[in-house]
Structure formats: C-alpha cells, structure tokens
Number of protein chains: 2
Amino acid sequence: MNTLVMKFGGSSVSTTDKIKDVAELILHRKSAGHKVVVVVSAMGDTTDNLLFLANRLAKKPYEKELDMLLSSGEIVSASLLAMHLIDLGHPAQSFTGFQAGFKTRGQHLSSQIETIDPHRILESLNLDKIVIVAGFQGMNAEGEITTLGRGGSDTSAVALAAKLKAKCEIYTDVAGIYTVDPRIRPYAKKLSQVTYEEAVEMANLGAKIIAARSVELASKYQVPLYVALNTGEVEGTYINNEQENSMIENMEEIRLTNISKIDDVLLVNLEKLEKIDEKVTKCFLALANANINIDILNQILLKDNHSAVSFTANKSDKAGIIEILNELNFSYKIKEDLTKVSIIGSAMRHQAGVAAEAFRVFVDQNIPYYMISTSDISISYVVDTANTKQIVNALADKFNL
Amino acid sequence: MNTLVMKFGGSSVSTTDKIKDVAELILHRKSAGHKVVVVVSAMGDTTDNLLFLANRLAKKPYEKELDMLLSSGEIVSASLLAMHLIDLGHPAQSFTGFQAGFKTRGQHLSSQIETIDPHRILESLNLDKIVIVAGFQGMNAEGEITTLGRGGSDTSAVALAAKLKAKCEIYTDVAGIYTVDPRIRPYAKKLSQVTYEEAVEMANLGAKIIAARSVELASKYQVPLYVALNTGEVEGTYINNEQENSMIENMEEIRLTNISKIDDVLLVNLEKLEKIDEKVTKCFLALANANINIDILNQILLKDNHSAVSFTANKSDKAGIIEILNELNFSYKIKEDLTKVSIIGSAMRHQAGVAAEAFRVFVDQNIPYYMISTSDISISYVVDTANTKQIVNALADKFNL
C-alpha cells in the first residue's frame, strides 16, 4: 500500500466547515488505497491573532517564547481534524511536531528539520489510522519547541514524505500552478507538470503556490509533488523531474512555463561614484547588518571614469536604506511603485532568443523597464507597477502562456 | 531562598492587560526574595471556544483528541506571560506540562499526576529565571498529552509545590475565602485562615474558590496554601493545618467557618416500594452506568412494611433519570428548583447543638427543608432555591458568619 502525505494550509482549515471538506478529501484519497498522513497548518488567522497578542505584551517578543506560542495553532487544527475523522468512524490520531518525531536545529522562528523519527507515525499507520501531524514545528536537542518559519508546513510535509518514501500532495485554494497568476490573466493556462527547478524559480520570483525551500527539499529527495485545489475537484499540477511539459498541448509553441511578479519593489540609483568606490562596499555591509535584503544589483562603469550602481529592495526597507545612504553621504535617487516581472522556463536553457523576443514585446507595448536580471531559466524585468497587467498579458500572448 | 508556586486561573489572564497585572504581582513576589514558579490556566474563554469548535466537528469528541486540543490553551497563556516578563527585563521561560515534567496516568480528560520530574524547572530556577508552567496538562506513559480535568491547574500548582517543597499561592478574582459567598451576603466576613479539612468540605459543598482535589493534595503533602485576589492588593486566606481560626476576632462566638450552596438540585422520591426492593438496586446500578451521580440518599422504612427512597441529583441529569425510572416502572415524584445549603466548620466536631440551633433558624424563618445530610464537620439542607438568600443570611446571622 502506498503512503501519501497530504498537506493543507491555513486557508483550507480556516472554519469547521472547511475542516469537514478536508476530511472528505482525505477519506476519498484513503479509499483509493493509500496510507494517509496529513500535515496541517494553523486555522486561518490564528497565527496573526497570536502575533497580535504577543505584540501587545512585548516590544520585541522573545523568539523562543514566540515559537512556543505559535506552535499551539497547529495543535488545534490537527486535533480538530482528527476528532472529526474519528466521529465519521475512521480511526485517526493527531500528533504535535515533537510527537511526530520532528527534530530541529538552528534558530527559533526559522529552524531546520534535522531528522524525523517516524516510529510513532508508522505505528499508527500500521493500525490503519489516519495520521494528522501539526505542521510548521518540531523540537530541538534542548527539548524546546521550535517553528520552521516561512513555508514551514510545506517543508514539514515534504520532509515527512521523503522519510516515508511517500508522494506528497499540497492542497491550497488555487487549483495548481498557472502560466500566469489568474488574478492578472483570468484565461491563464494551468500547467499539468513543471520541473522542480522551474517551481523553485517561480517561487523565488513571486509565485505564491509553494515555498522554494519545500520544492528544493522535494528535489533533493526526489519526492513527487502534486499541487491542487483543496476541494480535490479539479486536476492540479505535478512537480517532478520530467524535463518536458509533456502534457501540455501545442508542444512546439511552448517555450516558457510561467510569468510571475513581485510588487513593492524599490529601485535605488547611487550616482557620482568613483570607479572603485569604498563607500559602495560600506553601504552594502551596512545594509546587510541592518537585515535589509537587496535583490538585483547592477554596476555600470561610465565613460568619465566614474561609475553608477543600481539595486532593488523591498519598499518596507525604504526608511532604513535612506538612513544608511545619508550617513554615507551618497548622492542618490529612489524610484518607487515598481514591480519585478519574471518569465520562467527550463526550456529557456536550450532556446536562444527569448530575451530578444521579450525585448520586442516591451518595445511594441511602449513600456519602459528599469533593470533586467537573468538566470539560467528566467529573465526578470523591473517595470512600473501601473504597467504590470499590460506587460504580463503581452508577454503571455507572445509566449502562448 | 524559598521557592514559591503562584497559580493564576483563566479569568486572571483573560486579556493582555490582565496578563500585565499578573506579571507585576509576580515581580513583586520575586523581589521579596522568592524563587518563583507560575502555573497558568488558559486565557478566559479559550477552553469554551475550543470546545465549541470540537462540538461542531464531532457529536462526541474523542477524548484523546480533546486533550490534545485543550492543552493548546495553557501553552498560549504561558508563553505570552513569559514573553512579557522577558520584555520587562526579567529572564523567564515557559514550559508545556510535558516539558515541566508532569507525568500522568489514567483516563483522558481526567488524568492524575503520577509524578513530576522537575529537573528542567530546577535548572531554570538556578539560572534565576521565572518559570511559567502550562497548568492542567501532562503526558502519559504512551507519550500522549492528557489533561487533569476539573480544577486541573490548581492541582498542577499544588503538586508542583509539593515536589519543590514550596508554598503555593492560588490567585483568583475573589479576595480569599469568605464565611458566605459575598454575592449572597455582601457583608460576609473574609476568613484569614481555614484548615485543609474545612476547605475540602466547602469545595465539596459548593464553594468555588479552590477544588477539593487540590486541597486534599495540599493536605497530603502539607503544602501551605494561600488564596488571594489576583491584584495582590488585599490579604487573602491561608489554608493549612492549624486547628483554630486564630486570626478571627471574637473567637468565643465563632463556631462555624462557612456557608456554601449548590443550586440546580433535583429531588427524586421513589414511592410504594417493598421493604427490600430489588428495583432500587437495579435503579442505582442503571444510574451509575449512565454516569449519573446521586448526591444525598435517604431510605425510610414505613410502618406498613413498605419503604420510601429519596435522592438528590443534578438538574442536568433529569431526562436520564426519568428514562431509567420509567424503564423500571417506578412510581415517583420529582421536585425541582432546589438548592443545597451547607454550614461548615471543623469546630462542629466539638460543639454539640449546631444542628439543633440550625433547625431553630428554619422554624423561625418558616422555611421548609426537604432533606438533611450531615458529615463530621458539615450539615446540608435541601431547600427551595427561592428561599436560599433568606435562609443563608439567617443562618449566617445566627452563627455570626
């Protein structure tokens, strides 16, 4: 009998009615002959509500205690789901992260899974129980509860699937992975399959379906992933190792898999710099110390033996950036309301001219871009947020997405 | 340095502001030179809210999963309190029941504390940390989370105090133990001290300050208890072994310590019974099997070789009782809207005539009673609920309470 790990995020278990729907889907999958392990997140707004309380009680809540606090959310959803399944006549058992054998290391609030001791889960599966695991959490060597940070429940599910040599199904409120976010392009196509590499790139470039960290873990342990709607009604998207998007029609025309975007981009231009300017190094050290991430970074050598540096960052860091630039006496300009639009596809590796064709789209649409960044399987453009919808649709038309 | 266990119930930590008040009191006690261990209940309505969700998901929520669910409530309040103390600059650490070393046995939802392994608490105390323990919970030998049932957090606190050879302070929203519930008799006196025995009797007979189970445990291990208002502003009540209420004025007049009451009493009279009626035995077996507790039980032999049986039970069991009585073809009468009023005092043991004096009060007030039950240190009367206030005040006047 195959083992299956099913993961449900917070929006899939946000109400008792939704928990009932989830239970139905679980029983449907179990009746197909699988041993089922379910990983759940906290119900809907639970985590936000707990953080609200924490922020009323501490200016900067101590991370070890925040972990303890936040871990309670998944325990609630796991036990509620288990008792509903039992009420329906199906043996089930919930486990905290610790009880499920998740051993963690590293910092509180962003710990890593060191290993999983699955013996209690296996015992329950052998008793034909449906196992429900509180995601997002584990216990470190000091016996302290830790949480796994962003995308933590996805990571719990994938790690467990790796340990149990199981398939992993991630259920969300989106019906899979689309070529373009359907909120931007309602007639975007759903992809039947993408590679791990493409899914990681999409996640890093703004697609919000599944965290890059989880896909990387799945890739490392060759865990077959499946992303689908939490009602189970429509076919979702497989994420695996296959190199071609074999299930998509019109194969010859398909060259790219996805367009993603990240909003709230800030572009900083540093001007009047020396060719090799010590201030620039100092600036990036200061930004790193202030925990300000910079994304795209370009340096251009100008004719008059001067240089210019441009970088992008998140809008939320604007005040911190300005403080550092002023301290270092930079001459600078900041441009706001920008969006990074990325086109992604592992086929890009073997297909020349994607950048040129994309460039043609920008010219035809008369839309300016302020920075370009490329990787092996993606190209990103920083554009005015106001132009996002127009350029995303034009690119999608061009590449048949 | 003395160790002190302080316990705060759900109403004392129901809001972030109240948690701040609790922190202040904790720091006040710590600054008096104590090592402090705090046991907390879940915030305000948390447990009720969790039960509401559970009841929407299961007709009869599975007890093991209910324990898992309910245990989350105390984890929230413990971690919030700890992070607030840390924010104020005082090292603190929260522990789940399991982390604090509470090993339990017995049924889910009403497990007992088997033992406490306090090594992690002691480590933290030695680092001068304030220890915050999630009350009401522990882990059994199977590694399952269990809760301690009614009065569980009080029991956690007392058991911990016993293990640490500490004093135990129970903070509530009532300023100690009164001769009569101040809601019935606003000018009731607060008792400076009562014996364990008296406190147990009061708890069993309706006083809601502290659960009988906790006082019995305190008595067994000679843990000095102190019950007080959660603001720490007024002197509370000590519960210990002393045999006389030494701190109360007018000692000669004081013969009793407390009047308590239990509402929602149902009185059942079984009529037309044989002298030794097999049906009566069957009836009590059936009630026990249906988990229906009967309280006071009287059997009277009548002149004509018949007998009558009367018993009291809780109103909520009315339907179950009627079903059993009908099945067994009893002739019966049920009287509702009754209250059991009890007068309590260990002095009663050495003072004859309390019952007689109390009887005189009923006659003078022209208030009927339907049953009497006596113990070593208490007398209970079943009266019409409508007469409760009048008879409680008349008895309190008579016995100067």
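Parameters and conventions
- Residues numbered from 1 in each chain as written.
- Chains lettered and ligands numbered in written order.
- Predicted model: local features only at pLDDT ≥ 70, side-chain atom pairs only at ≥ 80, totals over all residues.
- Axes fitted to C-alpha atoms, helices over the stretch in contact; angles between N-to-C directions.
- Helix = DSSP H or I, 4+ residues; strand = E, 2+ residues; numbered from the N terminus.
- Parallel < 35°, antiparallel > 145°, perpendicular 65-115°, else oblique.
- Contact = placed C-beta atoms within 7 Å.
- Nonpolar A, V, L, I, M, F, W, Y, C, P; charged D, E, K, R; others polar.
- Pairing = 2+ DSSP bridges.
- Least-squares fit on C-alpha atoms with pLDDT ≥ 70 in both.
- Buried ≥ 20, exposed ≤ 12 C-beta atoms within 10 Å, placed from the backbone.

Q: I tried to follow the packing of helix H5 (residues 152–164) of chain B against helix H7 (residues 212–220) of chain B on my own but got confused; where do I start?
A: A packed helix pair is summarised by two numbers, namely the angle formed by the two axes and the spacing between the axes. Residue and element names in this part refer to chain B. For the pair H5 and H7, the least separation of the axes is 8 Å and the interaxial angle reads 5°. If you check the angle between H5 and H7, you find them roughly parallel. In this structure, H5 uses Asp154, Thr155, Val158, Ala159 and Ala162 to contact H7, whose residues at the interface are Arg213, Ser214, Leu217 and Ala218. For the contact of H5 with H7, the residue count by class is five nonpolar, two polar and two charged.

Q: Explain the interface of chain B and chain A here, please?
A: By convention, interface size is frequently given as the accessible area that disappears when the constituent parts associate. Taken together, the 28 residues of chain B in the interface contact 28 residues of chain A. Looking at the side of chain B that touches chain A, the elements with two or more residues in it are helix H1 (16–31), helix H2 (46–57) and helix H3 (63–87) of chain B. Tallying contributions element by element places H3(B) first for the side of chain B that touches chain A, with 14 residues.

Q: Please clarify how the sheet that holds strand S4 (residues 102–105) of chain B should be interpreted in this entry.
A: Within a sheet, each strand pairs with its neighbour through backbone hydrogen bonds, oriented either parallel or antiparallel. Residue and element names in this part refer to chain B. What the four strands build is an open sheet, ordered S5-S4-S7-S8; its pairing is mixed. Sheet topology places strand S5 (112–116) and strand S8 (145–147) at the edges, where each strand pairs with a single neighbour. Across this sheet, the average inter-strand angle for adjacent strands is 50°, counted without regard to direction. Taken together, the four bridges between S4 and S5 define a ladder with antiparallel strand orientation. Each bridged residue has a counterpart across the sheet, and for Phe102 the counterpart in S5 is Ile116. On the sheet, H3 packs against strand S7 (137–140) and S8 and is oriented at approximately 75° with respect to S8. Sitting on the sheet, H5 is in contact with S4, S5 and S8, with an inclination near 25° to S5.

Q: Mind showing me how you'd approach the relation of the copies chain B and chain A here?
A: One copy of the chain maps onto the other through a rotation about an axis followed by a shift along the same axis. The transformation that overlays chain B on chain A combines an axial shift of 0.1 Å with a rotation of 179°, and the residual RMSD is 0.2 Å. What we have between these two chains is a two-fold relation. Looking at the rotation axis and the C-alpha trace of chain B, the residue lying nearest is Ser72(B), at 2.6 Å. Counting the interface residues of chain B, we find that 100% of their copies in chain A are interface residues as well, pointing to one common contact surface.

Q: Is there a simple way to explain the environment of Thr155(B) in this structure?
A: Residue and element names in this part refer to chain B. Tracing the backbone through its elements, the reader meets Thr155 in helix H5. For Thr155, a count of 25 C-beta atoms within 10 Å corresponds to the buried category. The residues touching Thr155, leaving out its near neighbours within four places in the chain, are Ile113, Leu148, Ala211, Arg213, Ser214 and Leu217.

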